Amino acid sequence: MTTDDFKIILIGSSTGALPVIEQLLNGIKREFFSILIAQHMPESYTGMWAERLNNHTPFDVMEGFEGAEILPQKAFIAPGNRHMRVMYNSNTYKIAITDEPPVKRFKPSVDVLFSSVSGFEPSLFIPVILTGMCDDGVDSIVDLHKKGFTTIAQNKETSVVYGMNKEAIERGGIDMVLSPDEMVAYFNSLF
């Protein structure tokens with residue numbers, strides 16, 4: 001599995017992001033991407049939301065589970081009240097689910113997901129921060145930006161709450177500020 005084969009999009013999101021994520025999953029070429037999503041959502045809702053996305057988008061969408069292999073055409077939702085990380089073993093990237101305390105009051109935490117790839121090859125992962133109230137994900141996306149990852153934030157005009165993404169932009173952690181339509185076009189231009 002090389003960076004020439006496919007890329008892994010990491011999405012951190014909160015208030016107002018559900019339709020944006022559905023739009024991305026419907027527009028991105030599934031054969032070239034796997035998508036990992038840390039969305040602030042209660043435990044009882046993440047499974048239902050994953051099922052809805054699985055039924056309404058081309059991706060195979062499911063709640064993340066321990067040891068799941070990260071492959072093209074698959075999208076994983078961080079389960080409510082759990083953290084989701086990326087790990088690497090046996091020559092493949094996999095999901096790790098942990099039950100540590102909340103980070104910045106959130107579980108799942110965007111910072112936990114994003115920071116889990118900080119030691120990996122930057123060209124394989126694309127962190128994206130969407131609409132949402134709070135600053136979860138900002139510290140980690142700024143760090144990933146410094147390490148050479150291409151970072152993306154949703155633009156103000158299409159955001160329900162211009163919070164997480166605004167903070168990441170203002171702190172200099174973002175390479176591209178894009179609308180959801182522009183994100184789809186950018187991702188699909190990579191292959």
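The rules we used
Residues numbered from 1 in each chain as written. Predicted model: local features only at pLDDT ≥ 70, side-chain atom pairs only at ≥ 80, totals over all residues. Heavy atoms only, no water. Pairing = 2+ DSSP bridges. Helix = DSSP H or I, 4+ residues; strand = E, 2+ residues; numbered from the N terminus. Axes fitted to C-alpha atoms, helices over the stretch in contact; angles between N-to-C directions. Contact = heavy atoms within 4.5 Å. Buried < 20%, exposed > 50% of the residue type's maximum accessible area, 1.4 Å probe, protein only. Arc of directions from axis to C-beta.

Asks: Help me out: how do you make sense of the sheet that holds strand β7 (residues 125–129) in this one?
Replies: The strands that make up a sheet are held in pairs by hydrogen bonds between backbone atoms, and each pair lies either parallel or antiparallel. Taken together, seven strands build an open sheet; the order of strands is β3-β4-β2-β1-β7-β8-β9 and the sheet is parallel. The sheet terminates laterally at β3 (60–63) and β9 (176–178), the two strands that pair on one side only. On average, adjacent strands in this sheet sit at an angle of 20 degrees to one another, irrespective of strand direction. Along the sheet face, helix α1 (residues 18–27) touches β1 (7–13), β2 (33–39), β3, β4 (74–77) and β8 (152–154) and points at about 175 degrees away from the line of β2. The strands touched by helix α2 (residues 43–56) are β2, β3 and β4; relative to β3, the strand with the most contacts, the crossing angle is about 175 degrees.

Asks: Is there a simple way to explain helix α6 (residues 180–189) in this structure?
Replies: Owing to its 3.6 residues per turn, the α-helix brings residues three or four apart onto one side. Every buried residue belonging to α6 is among Pro180, Met183, Val184, Phe187 and Asn188, and all of these are buried. Each buried residue of α6 lies within a common arc of 125 degrees when the element is viewed along its axis, so the set occupies one face. α6 presents Asp181 and Ser189 as exposed residues on the side facing more than 90 degrees away from its buried surface.

Asks: What is the right way to read the environment of Pro79 from this model?
Replies: Mapped onto the elements of the fold, Pro79 is located in the loop between β4 and β5 (83–89). Residue Pro79 is classed as buried on the basis of its relative accessible area of 9%. The contact partners of Pro79, leaving out residues within four places of it in the chain, are Thr46, Glu63, Gly64, Ile97 and Pro108.

Asks: For this particular structure, what's the right way to read the side chain of Ser159?
Replies: You can see Ser159 is positioned in the loop between β8 and α5 (164–170). Of the residues examined, Ser159 reaches a relative accessible area of 13% and is grouped as buried. Here Ser159 is in contact with Thr131, Gln154 and Asn165, once residues within four sequence places are set aside.

Note that every value here comes from positions in space, so none of it alone points to a role or purpose.
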